[in-house]
Amino acid sequence: MNWHALREKLCFRFLPPVVDWLVDLSTWRARSILSRRPLDVLIDVNVFAHAVTHETQWIQTGFSAEWNAPLGYMARVPVHAPDCTTRVYNSIKHLPGIARLAKGDVLQLKTSVELRAEEYRLSAARLYGGGGYDYSLLREAQTKSVDTTPFGGHSIQDLADKRLQRARLDTSGDALYRALVGHLEQKRSQDAWHIRTAEAHGCFCFLTMDFNLLDAIDAVKHLDPFPSLRTKVMSPEQLGKHLQLTPIPPVFFSYHDASFPVRPDLHQPDSKRFDWKSKQTAKDR
């Protein structure tokens, strides 16, 4: 057995449990604190999309003149380069600890009717991975809704349609929602509603990776009603720092649940995921 084959065998067998132990160790302080007072976190749909840290990629090894076709194999490849420094990547490094806390029930991940409507518009491949070798840090995450679906005369397609969703929210006379929309502008009416939902249901924070939203809130955080809000709007990095979590690079999870070729030495072009398209609702067609 050559050195590469031996190294791969050791990685498949020993790396996942070692990494899981490191994640447990990184969340020890947070678990000891939250065990006395668990937190509810309303989680944005985009966090699940960014939690897919590995995708399936074709690795070309040559070309067959006989068959006039490229030669190669499919392998799991990290999305991000190890030297990536983007805000997205810095937040992703805190997702392993957040996922561990959620698994231990000291951090309750919540969703809502309107977030599920947004989720319905996106393809499952975008949210959870579309390749056979893809991997998500939130693959085991369970979310519970803080509210119930007001079906009425609406179908799920109508609830999920973006234009109808915004029109539905615009009819609300909720004072907090109207105040939030006034500062965040009408184009962010859905975000305003999510913040209002988190506040109404006593969530510690609305967890999002919409950094434009975070910047917009930062610019008006001194204006009412933001100073009086109990719920916070946070990125995973901000929540991780608040909980004193140790950031863990996603490349460490390359061999989790793997029984196929893995190439942790590679990454996706520009450290970005494959562009999975949203699925269409009836009103979009």
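Here we take up the overall build of the chain. When its secondary structure is counted, the chain shows 13 helices and eight strands. Seen along its three principal axes, the alpha-carbon backbone of the chain occupies a region of about 70 × 50 × 35 Å. Counting all 285 residues of the chain, 45% fall into the buried class. Across the chain, every contact between residues at least 6 apart in sequence was considered, and the portion connecting residues at least 24 apart equals 79%. Of the roughly 15,000 Å² of accessible surface on the chain, 54% is carried by carbon and sulfur atoms. Computing the positive centroid from 37 side-chain charges and the negative centroid from 32, the chain places the two 3 Å apart.

With 10 bridges connecting them, strand β2 (residues 52-64) and strand β3 (residues 69-78) associate as antiparallel partners. Of the residues in β3, the one forming a bridge with Gly 62 is Leu 71. Counted along the chain from β2 to the antiparallel partner β3, the turn is four residues long, and its residue Asn 68 has a positive phi close to 55 degrees.

With antiparallel pairing, the three strands of this open sheet are ordered in space as β3-β2-β5. Sheet topology places β3 and β5 (135-136) at the edges, where each strand pairs with a single neighbour.

What follows covers the confidence of the model for the chain. Looking at the chain, the pLDDT average stands at 91 and 94% of residues meet or exceed 70. Contacts of residues 281-285 to residues separated by more than four positions or lying in other chains number 11 contacts, the stretch itself having pLDDT below 50.

With that settled, the discussion passes to the packing of helix α9 (residues 162-170) against helix α11 (residues 189-200). Where α9 contacts α11, the two axes come as close as 10 Å, and the packing angle between them is 55 degrees. By the criterion of interaxial angle, the relationship of α9 to α11 is oblique. Relative to α11, the crossing made by α9 is left-handed. Mapping the contact onto sequence places Lys 162, Gln 165, Arg 166, Leu 169 and Asp 170 in α9 and Ser 189, Gln 190 and Trp 193 in α11. For the contact of α9 with α11, the residue count by class is two nonpolar, three polar and three charged.

Take helix α5 (residues 95-103) next. Each α-helix winds once per 3.6 residues, and so residues spaced three or four apart point in a common direction. Counted residue by residue, α5 has seven buried out of nine residues, so it is predominantly covered. Taken together, the buried positions of α5 are occupied by Leu 95, Pro 96, Gly 97, Ile 98, Ala 99, Leu 101 and Ala 102. Looking one or two residues beyond α5, the residue adopting positive phi is Asp 105, at roughly 65 degrees.

With that out of the way, let us pick up the sheet that holds strand β6 (residues 144-145). Taken together, five strands build an open sheet; the order of strands is β6-β4-β1-β7-β8 and the sheet is parallel. Either end of the sheet is taken by a strand with one partner, and the two such strands are β6 and β8 (232-234). As judged from the four bridges shared by strand β1 (residues 39-43) and strand β4 (residues 107-111), these two strands associate in the parallel manner. Within the sheet, the bridge partner assigned to Val 41 lies in β4 and is Leu 109.

For the rest of this paragraph, the subject is the side chain of Thr 208. Tracing the backbone shows Thr 208 in the loop between β7 (205-207) and α12 (211-220). Within the local environment of Thr 208, its side chain forms a polar contact with the side chain of Asn 46, the two groups lying 3.4 Å apart. In this structure the side chain of Thr 208 is engaged in a polar contact, spanning 3.0 Å, whose partner is the backbone nitrogen of Asp 210. Non-local contacts of Thr 208, meaning those with residues more than four positions away in its chain, are made with Asp 44, Asn 46, Val 47, Leu 213, Leu 214, Val 233, Met 234, Ser 235 and Pro 236.

Here we take up the packing of aromatic side chains. The way to describe two aromatic rings as a pair is by their centre distance and the angle between their planes. Tallying each qualifying case throughout the model produces six aromatic pairs. Both rings, one in Phe 48 and one in Tyr 128, keep their centres 6.3 Å apart while their planes meet at 65 degrees; by these two values the pair is edge-to-face. Here the residue Phe 48 occupies a position in helix α3 (residues 45-50), and Tyr 128 occupies one in helix α7 (residues 124-128), the gap between them amounting to 80 residues. Taking relative accessible area as the criterion, Phe 48 reaches 10% and is therefore assigned buried. On the accessibility criterion, Tyr 128 (40% relative accessible area) is partly exposed. Measuring from centroid to centroid gives 5.2 Å for Tyr 177 and Trp 193, while their planes differ by 75 degrees, and the two rings are edge-to-face. Here Tyr 177, found in helix α10 (residues 175-184), pairs with Trp 193, found in helix α11; they are 16 residues apart in sequence, far enough to count as distant. The pair Tyr 177 / Trp 193 is uniform in exposure class, with both members buried. Over the ring of Trp 193 we find Arg 196; its NZ or CZ atom is 4.4 Å from the centre of that ring.

Analysis parameters
- Residues numbered from 1 in each chain as written.
- Predicted model: local features only at pLDDT ≥ 70, side-chain atom pairs only at ≥ 80, totals over all residues.
- Heavy atoms only, no water.
- Helix = DSSP H or I, 4+ residues; strand = E, 2+ residues; numbered from the N terminus.
- Buried < 20%, exposed > 50% of the residue type's maximum accessible area, 1.4 Å probe, protein only.
- Contact = heavy atoms within 4.5 Å.
- Areas by Shrake-Rupley, 256 points an atom, 1.4 Å probe, with all protein chains shown as cover.
- Lys, Arg positive; Asp, Glu negative; His and termini not counted.
- Charge placed at Lys NZ, Arg CZ, Asp CG, Glu CD.
- Pairing = 2+ DSSP bridges.
- pLDDT = per-residue confidence, 0-100.
- Axes fitted to C-alpha atoms, helices over the stretch in contact; angles between N-to-C directions.
- Parallel < 35°, antiparallel > 145°, perpendicular 65-115°, else oblique.
- Left-handed = near helix turned anticlockwise from the far one by under 90°.
- Nonpolar A, V, L, I, M, F, W, Y, C, P; charged D, E, K, R; others polar.
- Polar contact = N/O pair within 3.5 Å; in protein donor to acceptor, adjacent residues only side chain to side chain.
- Phe/Tyr/Trp six-rings, centres within 6.5 Å; stacked < 30°, edge-to-face > 60°.
- Lys NZ or Arg CZ within 6 Å of the ring centre and 35° of its normal.

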